[in-house]
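Now for the letters of each chain:
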Amino acid sequence: MKQEAEAPATLWDRTRQLASREILETALRLFTEQGYDETTIAQIAREAGVSQRTLFRYFGTKEDLLGGDQGRFGQVLTATISELPAEVGVWEALRAGVAAVLALHDSREQALERFRLLHNTASLRAGWLEKRLRFQEDLLPLIEARMDAAAGSVGVKARAVMATAFACLDAASMMWVDNDGKGDIMDLYDECLAAVRG
């Protein structure tokens, strides 16, 4: 089957993408220099050369300025897992989803700064945990479908597997930040998962 070619991005689309990227880079720089809680939306808008109103057209919340729309991460995770063949096991499916989400970062350096801010800012950690619990609810039917129903208590097992996978991502990203971004975060994730699964 022949795939249709994607329509080229319009000038307006490219301008919007550039503006969005510049605002994100400015926000990340200010968060890193001053701290997340100490940086105001007004400062970010001023430094990026846009009005606060324009900034909020691109990003709905201050949290979104850390690395884009967190809801998108959940969508990518869910889409990646749902598109995998049924025979792909639950652990492999979750790993593919985690890898797809990590690939959304623009660069290794930005990913490192984002994880550093996430792990060192209590308000961001709390917000991420809340969103992650919502991701898990969306993922639950997909994970349950990949588990052996004959084994019983599929819902409990699916929740335990998801919680373990996300805890391993937390541990891997913390180790990666502690090592100043050395190594591959997915290797660390695999190491954490192997330790848990024995």
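Everything numeric in this text was worked out from a predicted model, so none of it was measured.

Chemist: Describe in detail the overall build of the protein, supporting the description with residues and values.
Modeler: Across its full length, the protein carries 9 helices and 0 strands. Starting at the N terminus and ending at the C terminus, the protein contains elements arranged as α-α-α-α-α-α-α-α-α. Dimensions of the protein along its principal axes, counting C-alpha atoms only, are 60 × 45 × 30 Å. A burial count over the protein gives 42% of its 198 residues as buried. A total accessible area of about 11,400 Å² is found for the protein, and carbon and sulfur atoms account for 53% of it. The distance from the centre of the 23 positive side-chain charges to the centre of the 30 negative ones in the protein is 4 Å.

Chemist: Any details on the pattern of salt bridges? Residues and values, ideally.
Modeler: This model, assessed by the stated rule, comprises 9 salt bridges. Residue Arg-29 pairs with Glu-47 through a salt bridge whose shortest N-O separation is 2.8 Å. Note that Arg-29 is positioned in helix α1 (residues 11–34) and Glu-47 in helix α2 (residues 41–48), a separation of 18 residues in sequence. The salt bridge involving Arg-116 is made with Glu-113; its shortest N-O contact spans 2.7 Å. Of this pair, Arg-116 and Glu-113 both sit in helix α6 (residues 108–120), 3 residues apart, which is roughly one turn of the helix. The class of Arg-116 is partly exposed, set by a relative accessible area of 22%. Salt bridges linked by common partners bring Arg-29, Glu-33 and Glu-47 together as one network.

What counts as what
- Residues numbered from 1 in each chain as written.
- Predicted model: local features only at pLDDT ≥ 70, side-chain atom pairs only at ≥ 80, totals over all residues.
- Heavy atoms only, no water.
- Helix = DSSP H or I, 4+ residues; strand = E, 2+ residues; numbered from the N terminus.
- Buried < 20%, exposed > 50% of the residue type's maximum accessible area, 1.4 Å probe, protein only.
- Areas by Shrake-Rupley, 256 points an atom, 1.4 Å probe, with all protein chains shown as cover.
- Lys, Arg positive; Asp, Glu negative; His and termini not counted.
- Charge placed at Lys NZ, Arg CZ, Asp CG, Glu CD.
- Salt bridge = Lys/Arg side-chain N within 4 Å of Asp/Glu carboxyl O.

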